[in-house]
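The residues making up each chain are set out below.
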Amino acid sequence: MDNGVAPVAAVDAARHGPDAVALDDVRLAYGAFPALERITMRVRKGEFVALVGPTGCGKSSVLNLVAGLLEPTSGRVATGGQEVSGVNRDCAYMFQADALLPWRSALDNVRLGPQLRGVGRAEATRQARDWLARVGLKGWEDRYGHQLSGGQRKRVAMAQALINRLPILLMDEPFGALDAQTRVLMEQELLELWQELGATVLFVTHDLEEAIALADRVILFTAGPGATLKGDYVVDLERPRQVAEARFMDGFTELYERVWSDLREEVMTTYAHSRAA
Amino acid sequence: MHTAAQPEPPRTDRVVEQQATAIRAQIPTLNRAPRRGRLRRSRWLVHGTQLALLVAVIAFWQIGSTTGLLDEFLWSTPADAWDRVVQWLGDGTIADNLFTTLYEAVVAFVLGVVGGVLAGFALAMSDFWSRVLNPYVVLLNAIPRLVFAPLFFLLFGLGPNSKIALGFTLVFFIVFFNAFRGVREVDRVILDNARMLGAVSRWQRIRYVLLPSALTWILSSLHAAVGFAMIGAIVGEYLGSSEGLGHVIAQAQGNLDATGVMAGLIVLSVVAAVVELGVTQLERRLIKWKPAQH
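Cut-off values and rules
Residues numbered from 1 in each chain as written. Chains lettered and ligands numbered in written order. Predicted model: local features only at pLDDT ≥ 70, side-chain atom pairs only at ≥ 80, totals over all residues. Helix = DSSP H or I, 4+ residues; strand = E, 2+ residues; numbered from the N terminus. Rg over C-alpha atoms; globule rule 2.2 N^0.38 Å. Buried ≥ 20, exposed ≤ 12 C-beta atoms within 10 Å, placed from the backbone. Contact = placed C-beta atoms within 7 Å. Pairing = 2+ DSSP bridges. Axes fitted to C-alpha atoms, helices over the stretch in contact; angles between N-to-C directions. Core = buried A, V, L, I, M, F, W, Y, C linked by C-beta atoms within 7 Å. Domains from an automatic or database assignment. Left-handed = near helix turned anticlockwise from the far one by under 90°. Nonpolar A, V, L, I, M, F, W, Y, C, P; charged D, E, K, R; others polar.

**Student:** What is the right way to read the overall build of chain A from this model?
**Tutor:** The number of helices and strands found in chain A is eight helices and ten strands. Here the C-alpha atoms of chain A give a radius of gyration of 19 Å, agreeing with the 19 Å that 2.2 N^0.38 yields for 277 residues. Put simply, chain A has 277 residues, and 45% of those count as buried. Taking contacts inside chain A between residues at least 6 apart in sequence as the whole, the part at least 24 apart equals 69%.

**Student:** Is there a simple way to explain the overall build of chain B in this structure?
**Tutor:** When helices and strands are counted, chain B shows twelve helices and zero strands. Listing the helices and strands of chain B from first to last along the sequence gives α-α-α-α-α-α-α-α-α-α-α-α. Out of the 294 residues in chain B, the part that is buried amounts to 31%. Within chain B, contacts between residues at least 6 apart in sequence are counted, and of these 72% link residues at least 24 apart.

**Student:** Teacher, can you tell me more about the sheet that holds strand 6 (residues 91-94) of chain A here?
**Tutor:** What links the strands of a sheet is backbone hydrogen bonding, and the strands pair in either a parallel or an antiparallel sense. All names here are of chain A. Read from one edge of the open sheet, six strands run 6-7-8-3-9-10, paired in mixed fashion. Looking at the sheet topology across the chains shown, the edges are occupied by strand 6 and strand 10 (229-234). On average, each strand axis in the sheet is inclined to that of its neighbour by 15°, with strand direction left out of account. As defined by bridge partners, strand 3 (residues 48-52) adjoins strand 9 (residues 217-221) across four bridges and the pair is classed as parallel. Of the residues in strand 9, the one forming a bridge with valine 49 is arginine 217. Across the face of the sheet, helix 5 (residues 150-162) comes into contact with strand 6 and strand 7 (168-172) while running at roughly 170° to strand 6.

**Student:** Please explain the nonpolar core as it appears in this structure.
**Tutor:** Note on soluble globular proteins: their nonpolar side chains tend to be buried together. Val66, Leu170 and Phe203 of chain A together with Val171 of chain B are the most contacted members of the largest nonpolar core, which totals 146 residues. For this core, the two domains that each supply at least three residues are domain 1 (5-90 + 167-276) and domain 2 (100-165) of chain A. For phenylalanine 203 of chain A, the contacting residues outside a window of four places in its chain are Phe48, Val49, Ala50, Leu51, Met171, Leu214 and Ala215 of chain A.

**Student:** What is the right way to read the packing of helix 5 (residues 93-125) of chain B against helix 8 (residues 160-184) of chain B from this model?
**Tutor:** When two helices pack together, their arrangement is given by the angle between the helix axes and the distance between those axes. All names here are of chain B. Axis separation between helix 5 and helix 8 bottoms out at 6 Å; the angle between their running directions is 35°. Like other packed secondary-structure pairs, helix 5 and helix 8 cross with a definite hand, here right-handed. Tallied by class, the residues present in the contact of helix 5 with helix 8 amount to 23 nonpolar, six polar and three charged.

The analysis is restricted to geometry; functional conclusions fall outside its scope.
In structure tokens:
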């Protein structure tokens, strides 16, 4: 996957239109520290791709590159055939950390996106109410962040990210901090909303089970520093899926074992690095 | 968790649904304040003890000065001091002088806050100027600002303007530093989130993120700023003026009139308490999104 990039891209573009997300031989360094090396990947429109790898391998950096919050040291990042420069207006981003504006109520948080993009106040409010209802928070519109539980805050963040109906959705371990039950509920809701919106999703997680249960494709990263791609696996499970039952579907265990045996080596490498440090 | 071979579990859809119902059922109770009865009881106890403490101090003062434990010439008595306050209320001494003092404090406060916020923002937004001015700001802040009083008397005379200038320097710096930090220490993730949501222009980032974020810092400095504005006015009056509460106290001191000094202090304490209450109320209204702090 590290050769013949340009011709393949050209053929693909001619056949299906431009890729939703394309990284060509991307390298990213923080000063002298190499974070990512030789990253080449393409994601089709509407595809749900999970990025998996050991901690500190730069998965989140890939999202930040696509979002335009980081610039590649070399190489090219494009979405919808357009090279990314500056904040990418086609991306919604659900951050790992709590990113709600604490001085705004749930409604005002969700309303912010349309408001910033020039939607009128009344219409923005109507959309925000609608989205809060969709994520199951009807009646919680006036609450502030500290008045909501962790799961509820994630719901608000999801509504906030989805309301702009952008073609690309970036998610950085969005449900990592949730308890197992709430998490399954949120994953299920995400899948349903995704199917309805048809957005292209890049979903970073360290949880292989979550990755396979949700995604069409799992992309595996090697251990950092200078992480690159290790593998690319198609998840051939039928849709629509029930997240809670995905692991009992045919093919789940085989795929899990295949990816895990590759991931395992990288995890051991990271572990050895951190022990040596 | 990552074992490939899972044992056969119970039907998961039913389990998940049950758990979901349990979670949903819990949600409305999450915000209920715990053990309200006990809190209320302890609140009465606290307030009662506070009142008792005040009464005890006044009683000690009164009994001490009448029995000779405290020198009445130096300490006066609560009864005499209270009589003096009532007398001042009647003859307009308090009304006139309090008006002067509050005028000076309010003008110093408003100018200091506006100046501090603008300067703090301007400097925080410019890396170049914040680096250029940094040593001077640190130096000015390190100087005890009351030493500027002689300079201000020379520049602005003995009227209210020199007191306003003194109060301004005190208020300005504390607000300035808080505004500066408020902008500088804005949460990166929140800023990135706003950018992704569509806050692309500088003005949008100021309006939707930097300003509200800095507001918390600025508001937390207002408490101290109000106190400093009062200090500027009263110390300025004390050092040289012909009106104001500080002047009243200075005069009483000059006449070796302990009752007058004590009465002046009582008036000041009441004014300070009222102002403090007002600021707390304002704070509560402006940052209602914060969890209650006790």
